[in-house]
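Here is how the chains run, residue by residue.
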Amino acid sequence: MPNVFENALRQLERANQVKKFPEDFLTLLHQPQREVRAHIPVRMDDGTLRVFEGYRVEYNNARGPYKGGIRFHPETDINEVKALAFWMTLKCAVANLPMGGGKGGITVDPKKLSKTELEKLARGWMRAFADILGPRKDVPAPDVNTTPEIMVWMVDEYAKITGDKSGAVITGKPLDKGGSEGRGPATGLGGFYVFDKLRAYYELPEKCAVVVHGFGNVGLNAAESFERAGHKIIGVADSRGAIRKIDGIKVAELIEHKNKTGSVVGFAGSESITHAENIISECDILIPAALENQITAQNASQIKAKFILELANGPITPEADDILFERGIPVVPDILANSGGVTVSTFEWEQNLKGEHWGEKEVLEKLKKIMETEAQNVFTKSQELKTDLRRAAFILALERIQTATEL
Ligand code: GLU
């Protein structure tokens, strides 16, 4: 598997080839400001003691407190968390949020833990990092396999340790625990707003056939948003397999099926396909919404989609980017396409700090405005610099981070 942090730095170099940034600034961006590892002991239900490895990487805070989620995954490691923290720095800058970038994680398969074990682990992560976190310092949130419930355990642990009950130390909390309206669907919906703003610039059918690769919070909400706007979802993958249904998948029914059976596989009227087949399916829009490195030099030449919206972080390697660019397949990069999540997270943080609760309409209007403005800014920059949307988004973000760094 390609090294994701190396890929992230290569993306930085490629953007720098289009617009040169000062050497010192680039030197600073080549590593995080701080990376912390902790060993988190958990007494398991069977009485044994297990120790899990946890991380928090604080990449850059030139524009504001570090911001970014916590990933629970058996394959996550410090290297992946570093890449994700780097992308968070750029993502917050693309969305023009007053936030820097960070990321956290634990190497664990949460599906193999009981609820009690999971709660102990989540609280243990917070105890391990509480001294470097804080509403004005570093504000985590959910990521792959971390839920609003896990955020509650963590915010509660933080309140016990510090006495700070504002809730602003962590976002993605449930509504009744200081969460924001709209945070659940924010990433998928924000991605849809970006697509809808950009679609006029590309030759796409009025009603598109959409394939979603990943069906966690992000993929599911993206599927719902596209369906609501009249597009047709024809393929979906989750961690256990993939399905195809050319005449259209009813997303609400698929969610019900997944809740019952644990997977999208076996959905009524669908054909079972492999992950590899799903990603190269014939479609208008492909939405990678799972993990990194899904589109590589191996499969990029077989992609049949006309347009790719990256809702996962880092799903396309730099080699694959080149192949897609040569083939004229536009890619809306992760740091723009999935920035809706951290945008509503930042609204949540602001509401907590002010002791306010904004209505859903207000939150979604604000989200839409930011997504549309920054999608336009990235597109305009790509035209000015005659480059792809990824390099354009990087350059827009780097300009903003550079200004903050110099100030
Ligand atoms: N984990 C999400 C991301 O990768 C959201 C981060 C946040 O809300 O802070 O953008």
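Computed from a predicted model, the values in this text were never measured in an experiment.

## Some points on the overall build of the protein chain
When you go through the protein chain residue by residue, the secondary structure sums to 14 helices and 12 strands. Rg of the C-alpha trace for the protein chain: 20 Å, near the compact-globule value of 22 Å for 407 residues, within the 12% margin. Based on the C-alpha atoms only, the size of the protein chain along its principal axes is roughly 55 × 55 × 45 Å. Per-residue burial over the protein chain gives 59% buried out of 407 residues. Of the contacts formed within the protein chain by residues at least 6 apart in sequence, a portion of 68% connects residues at least 24 apart. In the structure as shown, the protein chain presents an accessible area of about 16400 Å², 50% of it carried by carbon and sulfur atoms. Computed over 52 positive and 56 negative side-chain charges, the inter-centroid distance for the protein chain is 2 Å.

## Some thoughts on the state of the cysteines
In this structure the tally under the stated criterion is zero disulfides. Left without a disulfide partner, Cys-208 is nearest to the cysteine sulfur of Cys-283, which lies 9.5 Å away. For Cys-283, a relative accessible area of 6% puts it in the buried group.

## A look at the environment of Phe-195
Position of Phe-195 relative to the elements: it lies in helix H6 (residues 186-198). The spacing of Phe-195 and Leu-311 is 116 residues in sequence and 11 Å in space, taken between C-alpha atoms. Those residues within four positions of Phe-195 in sequence are excluded, and the remaining contacts are Leu-204, Cys-208, Phe-226, His-231, Ile-285, Phe-307 and Leu-309.

## A closer look at the site of the ligand
Inspection of the region around the ligand gives 14 residues, with Lys-67, Lys-91, Pro-142, Asp-143 and Ser-345 positioned closest. Contact distances for the ligand include 3.1 Å between an oxygen atom and a side-chain N or O atom of Asn-313. For the shell around the ligand, the secondary structure elements donating two or more residues are strand E3 (66-73), helix H3 (78-94), strand E5 (138-142) and helix H12 (340-354). Classifying every residue of the shell around the ligand by side-chain character gives four nonpolar, five polar and five charged.

## Points about the pattern of salt bridges
Tallying each qualifying case throughout the model produces 33 salt bridges. Notably, a salt bridge pairs Arg-37 with Glu-53, separated by 2.8 Å at the nearest N-O pair. Of this pair, Arg-37 sits in strand E1 (residues 34-43) while Glu-53 sits in strand E2 (residues 49-60), placing them 16 residues apart in sequence. The exposure class assigned to Arg-37 is partly exposed, which follows from its relative accessible area of 48%. Owing to a relative accessible area of 23%, Glu-53 belongs among the partly exposed residues under this scheme. For the salt bridge of Glu-310 with Arg-390, the shortest nitrogen-to-oxygen distance reads 2.9 Å. Of this pair, Glu-310 sits in the loop between strand E11 (307-309) and helix H10 (318-326) while Arg-390 sits in helix H14 (residues 389-406), and the two are 80 residues apart along the sequence. The class of Arg-390 is buried, set by a relative accessible area of 4%. Beyond isolated ion pairs, a larger network of salt bridges with shared partners links Glu-119, Arg-123, Arg-127, Asp-156, Glu-157 and Lys-160.

## Some words on the sheet that holds strand E12 (residues 331-332)
Judged by pairing direction, the sheet is mixed, and its seven strands sit side by side in the order E9-E8-E7-E6-E10-E11-E12 without closing on themselves. Pairing within the sheet leaves two strands with one partner each, and these edge strands are strand E9 (271-273) and E12. Where strand E7 (residues 232-238) meets strand E8 (residues 241-244), four bridges bridge the pair, whose relative direction is antiparallel. For Val-236, the partnering residue across the bridge sits in E8 and is Ile-243.

## Looking at the packing of helix H1 (residues 4-18) against H14
Viewed as axis vectors pointing N to C, H1 and H14 meet at an angle of 85°, and their least axial separation amounts to 9 Å. Here H14 runs roughly perpendicular to H1, going by the angle between their axes. Taken together, the residues of H14 that come into contact with H1 (itself represented by Ala-8, Gln-11, Leu-12, Arg-14, Ala-15 and Val-18) are Arg-390, Arg-391, Phe-394, Ile-395 and Leu-398. Class assignment of the residues belonging to the contact of H1 with H14 gives a composition of seven nonpolar, one polar and three charged.

Calculation notes
Residues numbered from 1 in each chain as written. Predicted model: local features only at pLDDT ≥ 70, side-chain atom pairs only at ≥ 80, totals over all residues. Heavy atoms only, no water. Helix = DSSP H or I, 4+ residues; strand = E, 2+ residues; numbered from the N terminus. Rg over C-alpha atoms; globule rule 2.2 N^0.38 Å. Buried < 20%, exposed > 50% of the residue type's maximum accessible area, 1.4 Å probe, protein only. Contact = heavy atoms within 4.5 Å. Areas by Shrake-Rupley, 256 points an atom, 1.4 Å probe, with all protein chains shown as cover. Lys, Arg positive; Asp, Glu negative; His and termini not counted. Charge placed at Lys NZ, Arg CZ, Asp CG, Glu CD. Disulfide = S-S within 2.5 Å. Near = heavy atom within 4 Å. Polar contact = N/O pair within 3.5 Å; in protein donor to acceptor, adjacent residues only side chain to side chain. Nonpolar A, V, L, I, M, F, W, Y, C, P; charged D, E, K, R; others polar. Salt bridge = Lys/Arg side-chain N within 4 Å of Asp/Glu carboxyl O. Pairing = 2+ DSSP bridges. Axes fitted to C-alpha atoms, helices over the stretch in contact; angles between N-to-C directions. Parallel < 35°, antiparallel > 145°, perpendicular 65-115°, else oblique.

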